[in-house]
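Listed here are the chains, written in short residue letters.
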Amino acid sequence: MNIGIIGTGYVGLVSGVCLSAIGHTVVCVDNDKEKVKKLRKGIATIYEPGLQELMTKQIKRKKLFFSDSIKEATKRSQVIFIAVGTPSKKNGDADLTYVENVARQIAESMDSYKLIVEKSTVPAETGKRIEHTIKLNLPKQFKARNRSVPFDVASNPEFLREGSAIADFMNPDRVVIGVESKKAEELLKEIYKPLKTKIIVTNITSAEIIKHASNSFLATKISFANALSQICNLVGADVLKVTEGMGYDKRIGASFLNAGIGFGGSCFPKDVDAFIRLSEKSGYDFHLLRAVRQTNEEQKAAFVRLIEDKLWIVKGKTIGVLGLAFKPNTDDMRNAPSVDIINRLQAEGAKIRAHDPQAMEHSKKIFKGVTFCNDAYGVAKGSDCVVVLTEWEEFRQIDFQRLRKAMRQPMIFDGRNLYKNDNLVELGFEYYGIGRGEKS
Ligand code: UGA
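Source: prediction; values computed, not measured. (Residues numbered from 1 in each chain as written. Predicted model: local features only at pLDDT ≥ 70, side-chain atom pairs only at ≥ 80, totals over all residues. Heavy atoms only, no water.)

Chemist: Is there a simple way to explain the overall build of the protein chain in this structure?
Modeler: Check the secondary structure of the protein chain and you find 18 helices and 14 strands. In terms of overall dimensions, the protein chain is globule-like: its C-alpha atoms have a radius of gyration of 24 Å, near the 22 Å expected for 440 residues. Put simply, 72% of the contacts in the protein chain that link residues at least 6 apart link residues at least 24 apart. Here the protein chain displays about 20,400 Å² of accessible surface, and carbon together with sulfur accounts for 50% of that area. (Helix = DSSP H or I, 4+ residues; strand = E, 2+ residues; numbered from the N terminus. Rg over C-alpha atoms; globule rule 2.2 N^0.38 Å. Contact = heavy atoms within 4.5 Å. Areas by Shrake-Rupley, 256 points an atom, 1.4 Å probe, with all protein chains shown as cover.)

Chemist: I keep staring at the environment of Ala380 and nothing clicks. Help me out?
Modeler: Residue position: Ala380 is located in helix α16 (residues 376-380). Each C-alpha atom, one on Ala380 and one on Gly437, is 26 Å from the other, the two residues being 57 residues apart in sequence. Non-local contacts of Ala380, meaning those with residues more than four positions away in its chain, are made with Val386, Leu403, Ala406 and Met407.

Chemist: Can you help me understand the packing of helix α10 (residues 204-235) against helix α13 (residues 287-311) in this one?
Modeler: The contact between α10 and α13 brings their axes to 9 Å, and the two run at 45°. On the basis of their axis angle, the class for α10 and α13 is oblique. Handedness of the α10/α13 crossing: left-handed. Contacts between α10 and α13 involve Ser216, Ala219, Thr220, Ser223, Asn226, Ala227, Ser229 and Gln230 on the former and, on the latter, Leu289, Val292, Thr295, Asn296, Gln299 and Ala302. A breakdown of the residues in the contact of α10 with α13 according to their chemical character gives five nonpolar, nine polar and no charged. (Axes fitted to C-alpha atoms, helices over the stretch in contact; angles between N-to-C directions. Parallel < 35°, antiparallel > 145°, perpendicular 65-115°, else oblique. Left-handed = near helix turned anticlockwise from the far one by under 90°. Nonpolar A, V, L, I, M, F, W, Y, C, P; charged D, E, K, R; others polar.)

Chemist: Mind showing me how you'd approach the site of the ligand here?
Modeler: Around the ligand sit 19 residues, and of these Phe159, Leu160, Glu162, Lys211 and Lys327 come closest. A distance of 2.7 Å is found between an oxygen atom of the ligand and a side-chain nitrogen or oxygen belonging to Lys211. Between Phe326 and the ligand, the recorded distance is 3.1 Å, taken from a backbone N or O atom to an oxygen atom. Bound to the protein, the ligand loses 92% of the 720 Å² it would expose on its own. (Near = heavy atom within 4 Å. Polar contact = N/O pair within 3.5 Å; in protein donor to acceptor, adjacent residues only side chain to side chain.)

Chemist: Whenever I open this one, the packing of aromatic side chains confuses me. Can you help?
Modeler: How two aromatic rings sit relative to each other is set out by the distance from centre to centre and by the angle between their planes. Inspection of every chain in the model, using the stated rule, returns eight aromatic pairs. Both rings, one in Tyr284 and one in Phe286, keep their centres 5.6 Å apart while their planes meet at 65°; by these two values the pair is edge-to-face. Since its relative accessible area comes to 46%, Tyr284 is described here as partly exposed. Here Phe286 falls in the buried class, since its relative accessible area comes to 19%. Taken together, the ring pairs connect Phe256, Phe263 and Phe268 into an aromatic cluster. Sitting over the face of the ring of Phe65, Arg76 holds its NZ or CZ atom 4.8 Å from the ring centroid. Seen from the ring of Tyr113, Lys183 lies directly overhead, with NZ or CZ sitting 3.8 Å from the centre. (Phe/Tyr/Trp six-rings, centres within 6.5 Å; stacked < 30°, edge-to-face > 60°. Buried < 20%, exposed > 50% of the residue type's maximum accessible area, 1.4 Å probe, protein only. Lys NZ or Arg CZ within 6 Å of the ring centre and 35° of its normal.)

Chemist: Explain the sheet that holds strand β11 (residues 370-372) here, please?
Modeler: Strand order in the open sheet formed by six strands is β11-β10-β9-β12-β13-β14, and the pairing between neighbours is parallel. Strands with a single pairing partner mark the edges of an open sheet, and in this sheet they are β11 and β14 (430-432). Between one strand axis and the next, the sheet turns by 20° as a mean value, whatever way the strands run. When strand β12 (residues 385-388) meets strand β13 (residues 411-414), the two strands line up parallel, connected through three bridges. Each bridged residue has a counterpart across the sheet, and for Val387 the counterpart in β13 is Phe413. (Pairing = 2+ DSSP bridges.)

Chemist: Looking at this structure, how should I read the domain arrangement of the protein chain?
Modeler: Think of interface size as the accessible area that goes away when the parts come together; that is how it is often given. Per the domain assignment, the segments making up the protein chain are domain 1 (2-202) and domain 2 (242-432). At the interface, 15 residues of domain 1 touch 18 residues of domain 2. Each partner contributes to the roughly 1,300 Å² buried at the junction of domain 1 and domain 2, and carbon and sulfur atoms together form 47% of this total. The largest contributions to the domain 1 side of the interface with domain 2 come from Tyr47, Asp93 and Glu162, which together make up 41% of the buried area. For the pair domain 1 and domain 2, the number of links is three salt bridges. Here Arg277 and Asp93 are joined by a salt bridge, their closest N and O atoms 3.0 Å apart. Within the side of domain 1 that touches domain 2, the residues separate by chemical class into six nonpolar, six polar and three charged. (Domains from an automatic or database assignment. Buried area = accessible area lost by both parts, 1.4 Å probe. Salt bridge = Lys/Arg side-chain N within 4 Å of Asp/Glu carboxyl O.)

Chemist: It is not clear to me how helix α1 (residues 10-21) should be interpreted in this structure. Could you clarify?
Modeler: Helical periodicity: at 3.6 residues per turn, an α-helix aligns residues three or four positions apart in one direction. The end-to-end C-alpha distance of α1 is 16 Å, a good match for the 16 Å that twelve residues give at a rise of 1.5 Å each. When you tally the buried positions in α1, you get ten out of twelve residues, the bulk of the element. Of the residues making up α1, those classed as buried are Tyr10, Gly12, Leu13, Val14, Ser15, Gly16, Val17, Cys18, Leu19 and Ser20. Gly23 lies just past α1 and shows a positive phi near 115°. (Expected span 1.5 Å × (residues − 1).)

Chemist: Sorry if this is basic, but what is going on with the pairing of strand β10 (residues 351-355) here?
Modeler: Every other side chain in a regular strand lies on the same face of the sheet, so the side chains alternate between the two faces. The pairing of strand β9 (residues 318-322) with β10 spans five bridges and is classified as parallel. Bridging from a neighbouring strand, Leu322 pairs with His355 of β10. Handedness of the crossover joining β9 and β10 through helix α14 (residues 337-347) is recorded here as right-handed. Summarising the sheet, β10 and β11 pair through three bridges and their orientation is parallel. (Right-handed = clockwise from strand over helix to strand, strands pointing away.)

Chemist: Honestly, the packing of α1 against helix α3 (residues 51-60) in this entry has me stumped. Any pointers?
Modeler: Two measures define how a pair of helices packs: the angle their axes make with one another and the distance between the axes. Packing of α1 against α3 brings their axes to within 10 Å, and their N-to-C directions diverge by 50°. As summarised for this structure, α1 and α3 are arranged oblique, according to the angle between their axes. Regarding α1 and α3, the two cross each other, and that crossing is left-handed. In this structure, α1 uses Leu13, Val14, Val17, Cys18, Ser20 and Ala21 to contact α3, whose residues at the interface are Leu51, Leu54, Met55 and Gln58. Per-class residue counts for the contact of α1 with α3 are eight nonpolar, two polar and no charged.

Chemist: When you look at unusual backbone geometry in this model, what are you seeing that I'm missing?
Modeler: When glycine is set aside, most residues are seen to have a negative phi, and most peptide bonds are trans. One non-glycine residue, Glu125, adopts positive backbone phi at about 85°. Following the sequence through the fold, Glu125 ends up in the loop between β5 (114-118) and α6 (126-137).

Right, dumping it as structure tokens:
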């Protein structure tokens, strides 16, 4: 099938590459001309394991194209996915300016039946607003004819995670399609047929809510684990054992129950805010989610308090930071807990040395006064403590003797409980994890 994808961010680019890999001909569109130039040269504009290789392959097979023209993509495609950004406004609402703008441009370029699919995470009822925008902006010939307009709108939320996006897209737990017509249902089922997965068919609003609810539920699970970590510290329990004991219960499940320094990224913080706002506007106070958000903020503050407490005086101390990205296997720094934590430590007068395997380039634009190092040993050089903020695999493989020798004081604050099995105390470190029975 001929497919257009508008927006080449994480969701758009990965979806475009993967849809072409399962047999469709895809044109990915972005209004950033420089980005399109790079993509046309075959350069992946985001770091995502396996993306560059698959993209190169699909371009060579002439199944994947890039353009800066919505008009071109609309004319070439029967199905057009909208995957543009929906940033948060100051009041927590999702800003749908880009979505509206794209819908208008698609409408103006329509020359035959099109299925327009929202893939960006959007508040309930956005589907109806897209439909309205398209009707308003259809070319005159369609408006004039006294017959039904030649398009459908659908919702097809995406559940892929950064860092494992290709695998998630290719092997989804389910595909959700929100449709209002048989034709839209059939087209979307046809697109996803090669994935051989469970397809949940619903109306557009329910599909939109499924996405909000899924992300918010996962965020709730994380905040629950983080709240547990605080209680574990107070009563002398180990959160790793507690969540392990809970996770074997199939009704609970072990995933997304890892206590840490709070959830970040471009999705959870924004989506939780948007769901709270949506509920508020609809007349429901989602106080459960407000507590999830508050717990997430407090978790970062508690981690900084722990460091301050154990270091005694932070001013003038050198703190080595391992990991800056909001999670491993990505270079994404959006809402990374590292930003908040490093800012707080710098405000206390700490000198920061840091390394991240992929996010250094982006970090250099975000942080001021940070010394960026080539590896963990560079970070440790002269440090009064080392702080783990992202659980990259390469930090698991550290030579701790070498690390200890480089440090001024052998103290580790493990914000991701990365070293759960290593006996760092025996190796001569003072070790503090999250919720391991340590008072903060
Ligand atoms: C999330 C969802 O997992 C995807 O299903 C969804 O498609 C995506 O948002 C989206 O809406 O686009 P993502 O933000 O890429 O994916 O990353 P996650 O793996 O969900 O991690 C989010 C944050 O939670 C990270 O900061 C991570 O470190 C943190 N986390 C995750 C924890 O602190 N503990 C956990 O147990 C799991």
